[in-house]
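Chains, contacts and geometry: an overview
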Amino acid sequence: MATAFEPKIVGFLCRWCSYAGADLAGTNRMKYPSNVSAIRVNCSGRIDPTLVLKALSLGADGVLIAGCHPGDCHYTNGNIKTLRRFKLLQKMLDQYGIDRKRVRLEWVSAAEGEKYAQVVRSMTDEVRTLGPLNWKTKVELAA
Amino acid sequence: MPAKRIGVFICHCGLNIAGTVRVKEVVERASKQPNVVFAVDHKYLCSEPGQTLIRDSVKQQHLDAVVVAACSPAMHETTFKNVVQSAGLNRYSCEIANIREQGSWVHDDSDKATTKAHLTVRQSIEKVRLNEPLQPITVPVTRRVLVIGGGIAGIRAALDVANGGYEVYLVEKSGTIGGRMAQLSETFPTLDCSTCILGPLMVEVYRHPKIKLLRLARVEEVSGYIGNFKVRVHQEPAYVDVAKCNACGECAKVCPAELPNEFDLGLTWRKAIYTPFSQAVPPAYVLDAKNCLGLLPQACGECKKACDEFGTSCINLDAWPQTHELEVGAIIVSTGYELYDATKLTEYGYGIYPDVMTSLEFERMLSASGPTAGEIRRPSDGHVPREIVFIQCAGQREPETALPYCSKICCMYTARHAMMFRHKVPDGEAYVFYMDIRAGGKGYEEFVKRCQEEKGLLYLRGRVAKVYEENNKLIVKGVDTLSGKTVQINADLVVLAVGMIPSSETHDLASKLKASLDANGFFSEAHPKLRPLESPTAGIFLAGAGQAPKDIPDTVAQASGAASKALDLLSSPTLEREPTVAKVIGELCSGCGICIPLCPYTALSLNPKTKVAEVSEALCEGCGTCIASCPSGSLSLRNLTDEQILAMVEAMVAT
């Protein structure tokens, strides 16, 4: 019997804003789906677009990058650099034939626990609707 | 060398984790991971027996790396790293798997929470396996403190740091220190005269050899990090030489520009050259250039003429703003509060009817130095009001339309205001509309009870629906929920207890400091219970109502606490920084230089001889933005390499 598809989403959260926001959602006992597993990075600016593509090629169905709101970056403007790279990344996704909805960039502050929960809920729903990416299998078949 | 003998410790956190996550199952699955030689659970790993368990296991099982699956790393990462270090390992051989804040607390389904906990643990195992042992980077500490905001919080903090032996810069935006407390008439619950207890402290600040007061000043730019901040402060000129001015007031007498006096909330007038209030510190006049008829070119100059003729020739109309470049090790933020804009509460008619006032305006009226010299008068016609209505929680505890929170002090000062009214107008009648009486604090409940009983105040439990004017009276329509009846009071004066909001510069300042704000715009603390004096940004400490609404005793306590935190930081000439910084793999670097302008800390440079990028470890903050930009993959972040990130990704997506 086939079980319902549960997407696997990798979350790259900056430690100062978004990881703290995710913690706040926990402290306030807000509920959200368990599909996003977070990796804590110092700044969203650490996330090289190739890391996102590699994560998808390794088997992730979606990638969430979350950082501080523009102007609030702990490292002055790392999030702005992320935003620029993200725009390029989106174009690359198109070329790979990967739906843009699978990779999201969100601004979540340390006070926005509810926003984080909401982002996880909506992204999980979206990626679930898109279905499995199966890039790993495709890469293996091609090789 | 990748870790070969990893130990995994999983915390129950009582039922906080174990209530949702099947801990034994997570232990079982962790023990099957490659290189995991030991896995165990414990009810409270942060407790002494829990810590001993980790320490003993490292030794007995010859572990070379440890994963602790428990609460968020924001809580106890330092605790567990210390434990691992005390057991003889490098402190970076320890990773935290967050299975509480981002696990058991956010997932109801036990199966899903257990699976996610397992994946999170596996992810941490992969990371710790590839961690390299690191030694903290030692940097010197600039042993000076900047205090931003010269209200009672800033005053207390500055004095405590200065008395502790270190230099303090106190930056204040207005022409005097004193802040909100200087505007108050009396303080609850002891009815101390506010200025009488604040004044001596203000003078002490002014005279203290270790405190440099920068008034009319604003923080323009902040760079650096804990122990080594560089702060640029812009200071407007006062145009009056403080050393010479004897506050004779001849200048103000001839000044033609008249404008509302902010100190009296616009209930009185002041000149463009003025002293904010009689006890202002520094005790000198100050010229408000924005409202002066003109300085460039000079339009009037009457004040200077008067001063040269009758006074001390202390006015210099050609003064220029100054920029100060300060170097400090710690910053204490005490920027205080403002009042919520009462005109937004249209049902109460503030701003439409002159006899509807805010509690702070009423406070000024009670003050002997206020617009009416302490007499209670209606602003509209100057008559003494007989019937007065106080509306508590005005625009507060209203998440839909105004402020969602309680400002904590209004129950207390409203009781004091009503009591003072009855004292000054013995035949008057005072009504207080309230939702609850929140009088938590030493002597507070007794104070409110005393006001109510001795002074015969009429407390009505309920909200006011509308205030409107009719026949020179303010008609207050509300409900008394205890009797279940609607109430109408024909009042002469209505006082609104509007809430406290962060001062208007807070957001801008927070961006400069890289200090986060909470949902209501107040400064966030590093931990609501255990680290209430610190911002999450290291080296920045919080005091007073800029962090949350609070009364004077709490503010003073927090200010002294923040000062002692700053003194703690300054007590050593050096401090240790996280060594998780960027590194260059020299042989891969092509010397393209793309990374160099991206670094916000100028930590990267191109070695002119080898043409290879170099990282200054003392400057690098470890954000990693250079790494993401490197086209040849020669930059890496210590203990968060691409290899580690991908290993973590694999650990969580693999089935």
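Computed from a predicted model, the values in this text were never measured in an experiment.

Turning to the interface of chain B and chain A, a few remarks are in order. The interface of chain B with chain A comprises 45 residues on the first partner and 44 residues on the second. Broken down by secondary-structure element, the contributors of at least two residues to the side of chain B that touches chain A are α3 (73–86), α4 (100–104), α5 (110–129), α15 (625–629) and α16 (642–653) of chain B. The biggest single contributor to the side of chain B that touches chain A is α16(B), with eight residues. Its residues placed into classes, the side of chain B that touches chain A shows 23 nonpolar, twelve polar and ten charged.

Okay, the pairing of strand β27 (residues 493–498) of chain B next. All names here are of chain B. Counting buried positions along β27 yields six of six residues, so the element is predominantly enclosed. Every second residue of β27 is oriented toward a common face, with Leu 493, Val 495 and Ala 497 on one face and Val 494, Leu 496 and Val 498 on the other, all of them buried. Note that strand β20 (residues 356–358) and β27 share three bridges and pair parallel. Looking at β27, one finds that Met 357 is bridged to Val 495. Pairing of strand β21 (residues 387–394) with β27, which is carried by five bridges, proceeds in the parallel orientation. Bridge assignment links Ile 388 to a residue of β27, and that residue is Leu 493.

Residues and elements named next belong to chain B. Strand order across the open sheet formed by three strands is β24-β25-β26, with antiparallel pairing between neighbours. Two strands close off the open sheet at either side, each with one partner strand: β24 (464–470) and β26 (485–491). Here the strands of the sheet are splayed against their neighbours by 20° on average, with no regard to which way each runs. Inspection of the sheet shows strand β25 (residues 473–480) paired to β26 by seven bridges, in the antiparallel sense. Looking at the pairing, Gly 478 lines up with Val 487 of β26.

Turning our attention to the environment of B:Leu53. Residues and elements named next belong to chain B. Among the secondary structure elements, Leu 53 is positioned in helix α2 (residues 48–60). Given 17 C-beta atoms within 10 Å, Leu 53 falls into the partly exposed group. It is 17 Å that separates the C-alpha atoms of Leu 53 and Val 36, two residues lying 17 residues apart in sequence.

With that out of the way, let us pick up the domain arrangement of chain B. With domains assigned, chain B is organised as domain 1 (6–136), domain 2 (144–236 + 322–336 + 505–570), domain 3 (250–310), domain 4 (338–501) and domain 5 (581–637). Centre-to-centre separation of domain 2 of chain B and domain 5 of chain B, based on C-alpha positions: 37 Å.

Rules of the game
- Residues numbered from 1 in each chain as written.
- Chains lettered and ligands numbered in written order.
- Predicted model: local features only at pLDDT ≥ 70, side-chain atom pairs only at ≥ 80, totals over all residues.
- Contact = placed C-beta atoms within 7 Å.
- Helix = DSSP H or I, 4+ residues; strand = E, 2+ residues; numbered from the N terminus.
- Nonpolar A, V, L, I, M, F, W, Y, C, P; charged D, E, K, R; others polar.
- Buried ≥ 20, exposed ≤ 12 C-beta atoms within 10 Å, placed from the backbone.
- Pairing = 2+ DSSP bridges.
- Axes fitted to C-alpha atoms, helices over the stretch in contact; angles between N-to-C directions.
- Domains from an automatic or database assignment.

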